[in-house]
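This is what each chain is made of:
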Amino acid sequence: MKAVIRRGRQLVVDNMAVPTPGAGQVLVKTLACGICGSDLHALHHAEALAEMSRRSGGGEGMDPSKDIVFGHEFCAEILEHGIGSAKTLKAGTRVVSVPVLVGPAGAESVGYSNKIPGGFAENMLLTEAMLLEVPNGLPSSAAALTEPLAVGLHAVNLANLENAGVAVVIGCGPVGLAVIAALKARGFGPVLAADFSPKRRASA
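Rules and cut-offs
Residues numbered from 1 in each chain as written. Predicted model: local features only at pLDDT ≥ 70, side-chain atom pairs only at ≥ 80, totals over all residues. Heavy atoms only, no water. Helix = DSSP H or I, 4+ residues; strand = E, 2+ residues; numbered from the N terminus. Rg over C-alpha atoms; globule rule 2.2 N^0.38 Å. Buried < 20%, exposed > 50% of the residue type's maximum accessible area, 1.4 Å probe, protein only. Areas by Shrake-Rupley, 256 points an atom, 1.4 Å probe, with all protein chains shown as cover. Lys, Arg positive; Asp, Glu negative; His and termini not counted. Charge placed at Lys NZ, Arg CZ, Asp CG, Glu CD. Axes fitted to C-alpha atoms, helices over the stretch in contact; angles between N-to-C directions. Parallel < 35°, antiparallel > 145°, perpendicular 65-115°, else oblique. Left-handed = near helix turned anticlockwise from the far one by under 90°. Contact = heavy atoms within 4.5 Å. Nonpolar A, V, L, I, M, F, W, Y, C, P; charged D, E, K, R; others polar. Core = buried A, V, L, I, M, F, W, Y, C linked by side-chain atoms within 4.5 Å. Pairing = 2+ DSSP bridges.

Looking only at helices and strands, the chain has 5 helices and 11 strands in total. By the compact-globule yardstick of 17 Å for 204 residues, the chain fits well, its C-alpha radius of gyration being 18 Å. The dimensions of the chain, computed from C-alpha atoms along their principal axes, are 50 × 40 × 30 Å. Expressed as a percentage of its 204 residues, the buried residues of the chain come to 38%. Summed over all atoms, the accessible surface of the chain reaches about 11400 Å², with 59% contributed by carbon and sulfur. Distance between charge centroids for the chain: 4 Å, based on 17 positive and 17 negative side chains.

See the structure below:
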């Protein structure tokens with residue numbers, strides 16, 4: 001399969017082996033994948049990120065000297081189930097997922113791993129129990145926004161705002177916009193948005 005691989009501090013298109021799903025896992029075909037600001041940061045600063053993870057107790061994690069396939073904001077199609085999987089969703093089903101692969105050795109971060117590819121590859125492995133079926137009619141490109149929108153919703157949930165409160169969002173990048181969308185969906189308002197960028201303010 002083809003993949004966009006971080007090799008050194010460059011992105012290269014190369015071939016790699018198609019991964020094999022284990023128990024409780026599925027092999028999927030990537031249909032759409034967003035480029036997160038974290039991916040751009042990791043392209044240039046993966047060494048610092050890996051060191052911070054190690055120092056904060058996150059274990060060895062990814063090794064920046066080895067190949068990494070980014071991509072954790074995705075929509076995919078189920079191709080094959082691992083042995084012993086429940087097969088709750090059939091092959092051909094479009095899905096999104098928490099970007100974590102659970103296996104015998106523990107959990108691995110999809111998109112920030114040397115062992116498994118993320119959504120910038122043609123195929124990925126996902127944890128079957130974490131799959132969510134994409135509603136019929138929703139474009140794959142929109143479904144790929146599930147992960148960043150979930151980050152915004154999580155922030156609003158943590159804020160524990162009163163219904164009558166005015167919310168202020170500082171920073172109107174993709175996650176800031178996700179926070180604004182979550183606030184408006186919950187009926188909060190007015191929402192004040194601040195950003196140095198006129199384009200981001202206009203988007204907000």
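Read on, since the account is not over.
What follows deals with the packing of helix H3 (residues 146-159) against helix H4 (residues 174-185). It is the contact of H3 with H4, at a shortest axis distance of 7 Å, that shows an interaxial angle of 60°. With respect to H4, the axis of H3 lies oblique. Between H3 and H4 lies a crossing whose hand is right-handed. Residues Pro148, Leu149, Val151, Gly152, Leu153, Ala155 and Val156 of H3 pack against Val175, Ala178, Val179, Ala182 and Leu183 of H4. Of the residues contributing to the contact of H3 with H4, the split by class is 11 nonpolar, 1 polar and no charged.

Attention shifts here to the environment of valine 151. Looking at the secondary structure, you find valine 151 in helix H3. Placed 96 residues apart in sequence, valine 151 and arginine 55 show a C-alpha to C-alpha distance of 25 Å.

This brings us to the nonpolar core. Core analysis: the largest hydrophobic core is formed by 15 residues, its most contacted members being Val28, Ile78, Val110, Leu126 and Leu131. Those elements that place two or more of their residues in this core are strand E3 (25-33), strand E4 (74-81) and strand E8 (123-127). Filtering out sequence-adjacent residues up to four positions away, valine 28 remains in contact with Ala76, Glu77, Ile78, Leu79, Glu122, Asn123, Met124 and Leu126. Counting 13 residues, the second largest nonpolar core, distinct from the first, contains Met1, Ile5, Leu43 and Phe70.

Note on placement: serine 97 falls in strand E5 (residues 94-97). Residue classification places serine 97 among the buried positions, given a relative accessible area of 10%.

Pairing of E3 with E4 involves 7 bridges; the strand directions are antiparallel. By the bridge assignment for E4, threonine 30 is matched with alanine 76. With 2 bridges joining them, E4 and E5 adopt antiparallel strand pairing. By the bridge assignment, alanine 76 is partnered in E5 with valine 95.

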